[in-house]
There are 2 protein chains.
Amino acid sequence: MNAVSILGGTGQQGRGLARRLAAAGVTVTIGSRDPARARQGVSEWPMHPSAAALLVADNIAAVVDAALVILAVPFTSVDGLLDELRPHFSARAIVVDVTVPVTFAAGKMAMLEVTEGSASEHVRARLPEHVGVAAAFKTIPAHVLDDDANQPLDCDEFVCGDSEEARARAVSLVQLLPGLRPVDVGPLSRARSVEHLTALAIAINRRHKIHEARYRIVGL
Amino acid sequence: MNAVSILGGTGQQGRGLARRLAAAGVTVTIGSRDPARARQGVSEWPMHPSAAALLVADNIAAVVDAALVILAVPFTSVDGLLDELRPHFSARAIVVDVTVPVTFAAGKMAMLEVTEGSASEHVRARLPEHVGVAAAFKTIPAHVLDDDANQPLDCDEFVCGDSEEARARAVSLVQLLPGLRPVDVGPLSRARSVEHLTALAIAINRRHKIHEARYRIVGL
């Protein structure tokens, strides 16, 4: 696991993951619709002194040789992006879905119903069969990842996936972030429950005027 | 809050709540379909030396004067019980729903779809308007409550409700249990997310061969 591509890598979630994975020695490629502009932004990110250099590529180039692809675009952008990228994934690639199907219409947070059951199963349905899908990094707040990327984390992250291999590779990815404990919760259909955890954390943030609610499993 | 009735109080969840609330000085009435038999069972429960005495009554007698009623029957028993009890709730009673709509068909745990959105909204739809409804005690495992009821707890419990008053009274109830931190998550519609937390904890228990997975919010 020394190379990862991140689609949506210039959003806060993607940026936090990119900075932390690079600090762990991973070669991170940021996939972008507009690589020249993204390269400019990425060059200004504060990085850990010994971090691996970040690469920037257009989305197709970012996935074509990637064994591990993190999908960090907004949920509403997933369909368009995967329609475009579907033919370009490498054999035996794993996609790690971090999207959460929530909306903030009129200031109220609500979960979107997803026909396939969860955002991750929605992603699964839009990828070739040879590509594995896992869910991870759905519950940790983006700015906890990104705000002080040199600070170890202190919570759990839930992983599910459509095969043992997809889960194992996503678990290894989570383990690269110091202090973040992966909790394997089983098949990809568990993603809906994980997405509800995120919705509840957002509700707790809003109600208690905080920004960093996240989870720790007691008893494990 | 010195009197609480528990419907389904002889199940493990109800028994754990009854023992812990009695230890906190609350007068607990166990509602039962068969009070003579329930009285026999309850008389054998190990109780904290300074616990308040437990009362046993038939279900109607248990709710008729109760300001606070905990609904701790299996979710599949809710409809029959509430059909019977609906006319008997006192004015301004609050029902605290602890049910979780999960099934274990063929050894596989699955969440039941509930037309109203969540078990708690299902309960809400089956009660008179003057009765308030809150959700609480959905995520803490029954045997963590019951196994060593003199041991302080060490996790969070999520509370939502259909009014400020219902939430406040459920929060006060949770606070009676040493070590259990109430987390107010807002309107009753959040119950679905809370029920997903329970489903995920059950999945974690099964997958990791443990029995006591529960939640702590980090950052609050």
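Fair warning: this is a prediction, and the values are worked out from it, not measured in the lab. (Residues numbered from 1 in each chain as written. Chains lettered and ligands numbered in written order. Predicted model: local features only at pLDDT ≥ 70, side-chain atom pairs only at ≥ 80, totals over all residues. Heavy atoms only, no water.)

Trainee: Which parts of the structure should I look at to understand the packing of helix α8 (residues 191-208) of chain A against helix α8 (residues 191-208) of chain B?
Mentor: The geometry of a pair of packed helices is captured by two quantities: the angle between their axes and the separation between those axes. The interhelical angle for the contact between α8 of chain A and α8 of chain B, taken along N-to-C directions, is 130°, at an axis separation of 8 Å. One element, α8 of chain A, and the other, α8 of chain B, form an angle in the oblique class. For α8 of chain A against α8 of chain B, the interelement crossing comes out left-handed. Between α8 of chain A, through R192, S193, V194, H196, L197, A199 and L200 of chain A, and α8 of chain B, the contact on the second element is made entirely by R192, S193, V194, H196, L197, A199 and L200 of chain B. In terms of residue class, the contact of α8 of chain A with α8 of chain B is made up of 8 nonpolar, 4 polar and 2 charged. (Axes fitted to C-alpha atoms, helices over the stretch in contact; angles between N-to-C directions. Helix = DSSP H or I, 4+ residues; strand = E, 2+ residues; numbered from the N terminus. Parallel < 35°, antiparallel > 145°, perpendicular 65-115°, else oblique. Left-handed = near helix turned anticlockwise from the far one by under 90°. Contact = heavy atoms within 4.5 Å. Nonpolar A, V, L, I, M, F, W, Y, C, P; charged D, E, K, R; others polar.)

Trainee: Can you help me understand the interface of chain B and chain A in this one?
Mentor: By convention, interface size is frequently given as the accessible area that disappears when the constituent parts associate. Facing 32 residues of chain B, the contacting portion of chain A comprises 32 residues. Taken together, both faces of the contact between chain B and chain A bury some 2700 Å²; the carbon and sulfur share is 66%. When the buried area of chain B at its contact with chain A is split by residue, L200, R207 and V218 of chain B rank highest and sum to 23% of it. Linking chain B with chain A are 4 salt bridges, by the criterion used here. (Buried area = accessible area lost by both parts, 1.4 Å probe. Salt bridge = Lys/Arg side-chain N within 4 Å of Asp/Glu carboxyl O.)

Trainee: Teacher, can you tell me more about α8 of chain B here?
Mentor: For an α-helix the count is 3.6 residues per turn, leaving residues at separations of three or four pointing the same way. All names here are of chain B. With 18 residues, α8 extends 26 Å between its outermost C-alpha atoms, agreeing within 8% with the 26 Å of an ideal straight helix rising 1.5 Å per residue. Judged by how many residues are buried, α8 sits mostly within the fold: 15 of 18 residues are covered. Remark: K209 follows α8 within two positions and exhibits a positive phi of approximately 55°. (Expected span 1.5 Å × (residues − 1). Buried < 20%, exposed > 50% of the residue type's maximum accessible area, 1.4 Å probe, protein only.)

Trainee: Which parts of the structure should I look at to understand the packing of aromatic side chains?
Mentor: Remark: the centre distance and the inter-plane angle together describe each pair of aromatic rings, the angle taken between the planes. The full count for this structure, using the stated rule, is 3 aromatic pairs over all chains. Their ring planes at 75° and their centres at 5.9 Å tell us that Y215 of chain A and Y215 of chain B sit as a pair that is edge-to-face. With one member in each of two chains, Y215 of chain A in strand β11 (residues 214-218) and Y215 of chain B in strand β11 (residues 214-218) form a pair that bridges those chains. According to the relative accessible area criterion, Y215 of chain B is buried, its value standing at 0%. Ring plane angle 70° and centroid distance 6.4 Å describe the contact between F158 of chain B and Y215 of chain B, whose orientation is recorded as edge-to-face. Of this pair, F158 of chain B sits in strand β9 (residues 156-161) while Y215 of chain B sits in strand β11; the two residues are 57 residues apart in sequence, bridging distant segments of the chain. The two residues F158 of chain B and Y215 of chain B agree in class, both being buried. Site record: aromatic cluster; members linked through ring pairs are F158 and Y215 of chain A together with F158 and Y215 of chain B. (Phe/Tyr/Trp six-rings, centres within 6.5 Å; stacked < 30°, edge-to-face > 60°.)

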